[in-house]
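# Residue-level structure breakdown
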Amino acid sequence: MKPKLLIIELWGVGDLVVSTPFLRAACEKFEVTLVAKPYALDLQPRFWPDVQVLPFVAPWTAFTGKYHLWRWPWLALGRLGRRLIARRFDVGLSARWDPRDHFLLFMAGARRRLGFPRLGSQIFLNQALAKPHPDAHRYEYWRAVAAGLGLKLPVREAIPLPPSRGGHILLHTGAAQSVRVWPLERFRNLARRLRERGFVVQIACDADQQGWWLAMGELNVAAPKTITELLALTDRAGLFIGNDSGPGHLAAFAGTPTFSIFGPQLPERFSPLHPASEWVEGWECPHRPCSDYCQFPLARCLWDLSEESVWARVEQFVARHADGLTAIEAPTPAPARATVRTVRPLKLLQVFNRYLMPGGEENSVARIAGHLELAGHQVTRYWRASAEWTATGSPSKLRQLFLTLNNPAALEQLREIHEKVRPDAWICHNLVPVISFGAYRLARELGVPIIHWLHNYRPVSPSGALRAGNRTLEPNDPFLVWKEIWSGSWRGRFLTAWLALGYRRVKRRGDFDAVKAWIAVSDEMKRTFEAAGFPGERLHVLHHSWDIQPPVAAGTDEGYFLFLGRMIEDKGVKFLIELWQRPEFKNVPLVMAGQGPLADFYRDRTPPNIRWIGFVRGAEKRKLVAGCRAVLFPCLWTEPLSTVVYEAYEQGRPVLASNLGGLKDLISDGQTGRLLKPGDTETWSNVLQQFIRDPEMSRAMGERGLQWLNEHISPAAWNQQFDEIIRKTLRS
């Protein structure tokens, strides 16, 4: 009967992968139990099937709050201790010099306990091991432990690994800590360059990065939720390119040559185990290695690592393995650049706080940056996300309130990016809550002009909707803010009041003086802001541009009506559902595409002719639009501008919309669609019945909409208008 061996390895995926040769060798002589994080259960069947895994998340492995002992799961620790004691281990070990691991070995009652003592932890061990050289690779610690047990592990270069399989290039942009992430824009440009060379590139990322990639137009981005899903991706890859992170170690041990971008850590200690793996190191920071606790607002080791220096190394790395890589039959040509220019190419810093729910504004923000780049401008993106404050370890709700007014950490990052890029202007969109209202004061301090896009009615209206309950408010109403607060128009009364306070504070301090141009996306929106007292000379109108795609197919009208958008009352969702309860629509299909609270409420409460399909993007969305009779947009508020109209016209479909806001700029009533009185059930019912009876009328309107789109909306025309705005702004 084999003696029982307890192994403690409580840290990351990469650490578990590096331990794999030891775990395999130990299984030959011992009955092995591994205490590790739950994802070890995904690794076990493939890498060490004979190991028994006890999943446990140790509180001291958290990146923040690890020393808040009052928050530790003491009951779970007690249960783990009892389970370990019951197994009566003959030997216990840890390859880390961590007293907490050593105490856990002692608590488990292992008769023989091996480890590298530190801070007096030899009192918990009865066989202290000599640590390898401080700069030795992490694998050498496992070799030292193996020697202490009488096991022999091969040197790194001789570890048996599966052969390279060939396939596409897997570019993974995630990492456990943000300080290890090379800027996403540079990864995006790296992918573009590889594709221009004719290689197939699959983008993979962490869940919190997926929205960014989708907004950049990378519709096939993968965000694996489990190690099993990540392994499936690496198994199809011929090469792996990514940060110094667990996925790189996993790919290497699965037989894939890897290229790693190292920042805070040292490759001599943590490079992947594959003999063909390569890497590039960032700026020689005097604090390296810093255990990911960066001394600077931005990880300068990675921020100062230029795209060109990484590309030079990646190009050579890929060339060495090109024979096994999947190639595109014909490399995708670079998009045509806008030819109309009125100003020199500019350096622009785009500042945007993403919303919890993806939507049209996020897509528009991404498109603005992309079209500016097409015109030759250099755009650096500083994007943060509201979702950051919903994750584990995020600030408390009370602290979030004050950080919304002024977030020193985010502003220090923004300052450092500004000082490195030296932009001619900032392009600002939504800034709250994570970036904070303090961005306006920072811009004043730095003397940089802000070009501010108005995607909704903030800062006039705290909610951005100019509504209090079911009432639309006038922009010159002196009690507008109080009415919105009383109605709780933005997540309740308190938060509406807090947001209003933030905007009032910015205005009273004069921080809006940094905004040299406010860009409204429709004429109606400009008139609204003028009525609210905004200076007309700083207000400009610039409709969103559009990358027009060819229609999916001609003549595919399947007879259903389509709603696209967020499922909230202001978009007219409740009105539409109630309208479809009428007898005349009993057999008329309605497709509801989008996500939001009303989707959750109505999904199981509507008749079968109303179909809920959730959030859609890309080709799936275009196909959905192409098959409808008409797109419906019965909004109840003054929508500034909706690119849903563009999406409908692109596929030759008309739009039935409320006669409000910027929709009047886009829809020619009776020509490309219909503009109807909002919330008027009889009018909407009568018009819908006309479209039900006359598909030819729908087709003709859709064709005129497509013609209008081609004539008036293009990146080149949009850039010409933007250049006029920026020229006047910078001159003033």
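Going along each chain's sequence as written, the residues are numbered from 1 onward. Residues qualify for local features only when their pLDDT is at least 70, as the model is predicted, and side-chain atom pairs are given and counted only at 80 or more; totals for whole chains, interfaces and linings, by contrast, use all residues. As a rule here, side-chain values come from all non-hydrogen atoms in the structure, and water together with hydrogens is ignored.

### What about the overall build of the protein chain?
Formally: Counting from the N terminus, the helices are the DSSP runs of H or I reaching at least four residues and the strands are the DSSP runs of E reaching at least two. Each radius of gyration reported is based on C-alpha atoms, and the globular scaling rule is 2.2 Å times the count of residues to the power 0.38. Buried, partly exposed and exposed residues are distinguished by accessible area as a fraction of the type maximum, computed with a 1.4 Å probe on protein chains only: under 20%, between the cut-offs, and over 50%, respectively. The method behind every accessible area is Shrake-Rupley, applied with a 1.4 Å probe, and residues are considered shielded solely by the protein chains displayed. In this count, Lys and Arg are taken as positive residues and Asp and Glu as negative ones, while His and the chain termini are left out. One atom stands in for each charge, and that atom is NZ of Lys, CZ of Arg, CG of Asp or CD of Glu.
Looking only at helices and strands, the protein chain has 28 helices and 25 strands in total. In terms of C-alpha radius of gyration, the protein chain reaches 29 Å, essentially the compact-globule figure of 27 Å for 732 residues. Overall, the C-alpha framework of the protein chain stretches about 85 × 55 × 55 Å when taken along its three principal axes. A burial count over the protein chain gives 56% of its 732 residues as buried. For the protein chain, the exposed surface amounts to about 31200 Å²; the carbon and sulfur share of it is 53%. On the protein chain, the mean spot of the 92 positive side-chain charges and the mean spot of the 72 negative ones are 6 Å from each other.

### So, the nonpolar core
Rules: To define a nonpolar core, start from buried Ala, Val, Leu, Ile, Met, Phe, Trp, Tyr and Cys residues and group those joined through side-chain atoms within 4.5 Å. Residue contacts are defined here by distance: any two heavy atoms, one from each residue, within 4.5 Å place the two residues in contact.
Judged by nonpolar contacts, the single largest core of 92 residues is most densely connected at Val351, Trp426, Trp453, Leu562, Val655 and Phe722. Beyond its immediate stretch of four places on either side in the chain, Trp453 contacts Ile368, Ile427, Cys428, His429, Ile519, Val521, Leu542, His544, Trp718 and Phe722. If you look at the next biggest cluster of nonpolar residues, it comprises 42 residues, including Val17, Phe47, Leu114 and Tyr141.

### Brief notes about helix α3 (residues 40-47)
Counted only if it meets this: Working note: the arc is built from the helix axis to C-beta atom directions.
Buried residues of α3: Ala40, Leu43, Gln44 and Phe47, and no others. Projection of α3 onto a plane perpendicular to its axis shows the buried side chains occupying an angular sector of 115°, all on one side. Of the surrounding elements, those touching the buried residues of α3 are α1 (13-18), α2 (20-27), β2 (31-36), β3 (52-55), α9 (227-235) and α10 (246-253).

### Regarding the pairing of strand β12 (residues 347-354)
Applicable threshold: Whether two strands pair depends on DSSP finding at least two bridges between them. By definition, the crossover connecting two strands over a helix is right-handed if that path, from the first strand to the second, turns clockwise as seen with the strands pointing away from the viewer.
Here β12 lies mainly inside the structure; 7 of its 8 residues are buried. Taken together, the 8 bridges between β12 and strand β13 (residues 378-385) define a ladder with parallel strand orientation. Considered in β13, the bridge of Leu348 is made with Val379. Where the polypeptide runs from β12 across helix α14 (residues 360-374) and back to β13, its parallel neighbour, the crossover connection is right-handed. Relative to strand β14 (residues 425-428), β12 runs parallel, the two being bridged by 4 bridges. Within β14, the position partnered with Leu348 by the bridge is Ala425.

### Points about the confidence of the model for the protein chain
Note the following rule: A residue's pLDDT is the predictor's confidence in that residue, given on a scale from 0 to 100.
The pLDDT averaged across the protein chain works out to 92; a share of 98% of its residues lies at or above 70. Confidence drops under pLDDT 50 across residues 331-339; counting only partners more than four residues distant or on other chains, this segment forms 16 contacts.

### Examining the packing of aromatic side chains
We describe a pair of aromatic rings using the distance from one ring centre to the other and the angle between the two ring planes. The cut-off we apply is this: Aromatic pairing here means that ring centres of Phe, Tyr or Trp (its six-membered ring) are within 6.5 Å. Orientation follows from the plane angle: under 30 degrees is stacked, over 60 is edge-to-face, and everything else is tilted.
One pass over the structure, following the stated rule, counts 34 aromatic pairs. Each ring, one from Phe116 and one from Tyr141, has its centre 5.4 Å from the other, and the planes form 85°; the classification is edge-to-face. Note that Phe116 is positioned in the loop between β5 (112-115) and β6 (127-128) and Tyr141 in helix α6 (residues 138-149), a separation of 25 residues in sequence. Judged by its relative accessible area of 0%, Phe116 is buried. Residue classification places Tyr141 among the buried positions, given a relative accessible area of 4%.

### Brief notes about the sheet that holds strand β20 (residues 560-564)
The following threshold applies: Only the stretch in contact is used when a helix axis is fitted, and all axes are lines through C-alpha atoms; the angle between N-to-C directions ranges over 0 to 180 degrees.
With parallel pairing, 6 strands are arranged side by side in an open sheet as β22-β21-β20-β23-β24-β25. At either end of the open sheet lies a strand with only one pairing partner, and these are β22 (610-614) and β25 (673-676). Averaged over all neighbouring strand pairs, the angle between strand axes comes to 20°, with direction disregarded. Across 4 bridges, the pairing between strand β24 (residues 655-658) and β25 is parallel. Within β25, the position partnered with Ala657 by the bridge is Leu675. The sheet strands contacting helix α23 (residues 618-626) are β20, β21 (590-593), β22 and β23 (628-633), and the helix crosses β20 at an angle near 140°.

### Things to note about the packing of helix α26 (residues 681-693) against helix α27 (residues 695-712)
Under the convention used in this document: Roughly parallel refers to an angle under 35 degrees, roughly antiparallel to one over 145, roughly perpendicular to one between 65 and 115, and oblique to any angle outside these ranges.
Taken N-terminus to C-terminus, the directions of α26 and α27 make an angle of 95°; their axes are 5 Å apart at the nearest point. In terms of their interaxial angle, α26 and α27 are classed as roughly perpendicular. Contacts between α26 and α27 involve Gln690, Phe691, Ile692 and Arg693 from the former and Pro695, Met697, Ser698 and Met701 from the latter.

### Here we look at the packing of helix α15 (residues 397-405) against helix α19 (residues 493-508)
Convention followed: Helix crossings fall into two classes, left-handed where the near helix is turned counterclockwise from the far one by less than a right angle and right-handed where it is turned clockwise. Only Asp, Glu, Lys and Arg are considered charged, only Ala, Val, Leu, Ile, Met, Phe, Trp, Tyr, Cys and Pro nonpolar, and every remaining residue, Gly among them, polar.
For the pair α15 and α19, the least separation of the axes is 9 Å and the interaxial angle reads 25°. As the angle between them shows, α15 and α19 are arranged roughly parallel. Crossing hand, α15 versus α19: right-handed. Here Leu401, Phe402, Thr404 and Leu405 of α15 lie close against α19, whose contacting residues are Phe494, Leu495, Trp498, Gly502 and Arg505. Considered class by class, the residues forming the contact of α15 with α19 number 6 nonpolar, 2 polar and 1 charged.

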